[in-house]
Amino acid sequence: MSRPVHRRPEYHKINKDLFVLTYGALVAQLCKDYEKDEDVNKYLDKMGYGIGTRLVEDFLARSCVRRCHSYSEIADIIAQVAFKMYLGITPSVTCNNSSRTEFSLILDKNPLVEFVEELPAGRSSLCYCNLLCGIIRGALEMVHLAADVTFLQDRLKGDRVTEIGITFLKKLDEKKCRRKK
């Protein structure tokens, strides 16, 4: 029996509503497990970081994007390709400084909060979607870019839009990141 030569891998899509509801249940459980919002935020960021470090390989394989030559190109790829590919939305990108190292992703619609009306009582400093910040930070680190990723505005906290800030800190030394053989 011969094996097919050029077979594309199959990608199974999960139902968006199922994912969003499962994520909501996860955040609810974390709120029960941790008393402080800061602890929940750190845990969501840590989980997102782990996802981002693995997701970047899938993204690079499926998107066929070429090497970026500026931070603004990277921010555009994150918004126009990655968010569209994984969340089905395309945030707008704004540059926040003259050195072009700080960018904002403006989400008019955030699919993770589709079934959430407001934050739980007493959880005003909870960053419900902090998982996204960890995912972006982890993926960027895997392509040798250190970045600070935080929520600047959140509709769940009464803001007009949801805004994720990305500050590129430095390009990591590839020699230090490569494994020794």
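We now turn to the structure provided with this report.

Parameters at a glance
- Residues numbered from 1 in each chain as written.
- Predicted model: local features only at pLDDT ≥ 70, side-chain atom pairs only at ≥ 80, totals over all residues.
- Heavy atoms only, no water.
- Helix = DSSP H or I, 4+ residues; strand = E, 2+ residues; numbered from the N terminus.
- Buried < 20%, exposed > 50% of the residue type's maximum accessible area, 1.4 Å probe, protein only.
- Contact = heavy atoms within 4.5 Å.
- Pairing = 2+ DSSP bridges.
- Core = buried A, V, L, I, M, F, W, Y, C linked by side-chain atoms within 4.5 Å.
- Axes fitted to C-alpha atoms, helices over the stretch in contact; angles between N-to-C directions.
- Parallel < 35°, antiparallel > 145°, perpendicular 65-115°, else oblique.
- Polar contact = N/O pair within 3.5 Å; in protein donor to acceptor, adjacent residues only side chain to side chain.
- Bend = angle between axes of the 7 residues up to and from the residue.
- Left-handed = near helix turned anticlockwise from the far one by under 90°.
- Salt bridge = Lys/Arg side-chain N within 4 Å of Asp/Glu carboxyl O.

1. Points about the overall build of the protein
In terms of helices and strands, the protein carries five helices and four strands. The order of helices and strands in the protein, counted from the N terminus, is α-α-α-β-β-α-β-β-α. Taken over 181 residues, the protein has a buried fraction of 39%. The contacts in the protein between residues at least 6 apart in sequence include a share of 59% that link residues at least 24 apart.

2. Details of the pairing of strand S2 (residues 102-107)
Most of S2 is tucked away, with five of its six residues classed as buried. Here strand S1 (residues 92-95) runs beside S2; their pairing, made up of four bridges, is antiparallel. Bridged to Thr94 within S2 is Ser104. With antiparallel pairing between neighbouring strands as the criterion, S1 and S2 make up a hairpin whose turn holds six residues, including Arg100 at a positive phi of roughly 55°.

3. Let's talk about the nonpolar core
Grouped together as the largest cluster of nonpolar side chains are 36 residues, with contacts concentrated most on Phe83, Leu105, Ile136, Leu140, Ile164 and Ile166. Looking at this core, the elements with two or more residues in it are helix H1 (16-33), helix H2 (37-63), helix H3 (71-87), S2, helix H4 (130-142), strand S3 (145-153) and strand S4 (162-171). In contact with Phe83, other than residues within four places in its own chain, are Ile78, Gly88, Ile89, Pro91, Leu105, Leu107, Ile136 and Ile164.

4. Thoughts on the packing of H2 against H3
Contact geometry of H2 with H3 gives a least axis separation of 11 Å together with a crossing angle of 100°. Judged by the inter-axis angle, H2 sits roughly perpendicular to H3. Contacts between H2 and H3 pair Leu55, Asp58, Phe59, Arg62 and Ser63 from the former with Ile77, Val81, Ala82, Met85 and Tyr86 from the latter.

5. Looking at the sheet that holds S2
In a beta sheet, neighbouring strands pair by backbone hydrogen bonds and run either parallel or antiparallel. The strand order across the open sheet formed by four strands is S1-S2-S4-S3, and the pairing between neighbours is antiparallel. What marks the edges here is a single partner per strand, and that holds for S1 and S3. The mean angle between the axes of side-by-side strands here comes to 25°, regardless of whether they run parallel or antiparallel. The strands that H3 touches are S1, S2, S3 and S4; relative to S2, the one it contacts most, it runs at about 20°.

6. Observations concerning the side chain of Ser63
Considering the arrangement of structural elements, one finds Ser63 in helix H2. The buried category is assigned to Ser63, whose relative accessible area is 18%. Of note is the side chain of Ser63, whose polar atom sits 2.7 Å from the backbone oxygen of Phe59. If near-sequence neighbours (up to four positions away) are discounted, Ser63 is found in contact with Val81 and Met85.

7. Here's the deal with H2
At Leu55, H2 shows its largest kink, close to 35°. Among the residues of H2, those classed as buried are Asp37, Val40, Asn41, Leu44, Asp45, Gly48, Gly50, Gly52, Thr53, Val56, Phe59 and Ser63. Cys64 lies just past H2 and shows a positive phi near 60°.

8. Brief notes about the packing of H3 against H4
Relative to each other, H3 and H4 sit at 120°, their axes nearing to 13 Å. If you check the angle between H3 and H4, you find them oblique. In this structure, H3 meets H4 at a crossing whose hand is right-handed. Facing Ile74, Ile78, Phe83 and Leu87 of H3, the residues of H4 in contact are Leu132, Ile136 and Leu140.

9. Some thoughts on the pattern of salt bridges
Summed over all chains, the structure comprises three salt bridges. Notably, a salt bridge pairs Asp45 with Arg137, separated by 2.5 Å at the nearest N-O pair. With Asp45 in helix H2 and Arg137 in helix H4, the pair connects residues that are 92 residues apart, well separated along the chain. For Arg137, a relative accessible area of 22% corresponds to the partly exposed category. Between Arg62 and Asp58 there is a salt bridge, and its shortest N-O distance comes to 3.3 Å. Remark: Asp58 and Arg62 occur in helix H2; sequence separation between them is four residues, near one turn of the helix.

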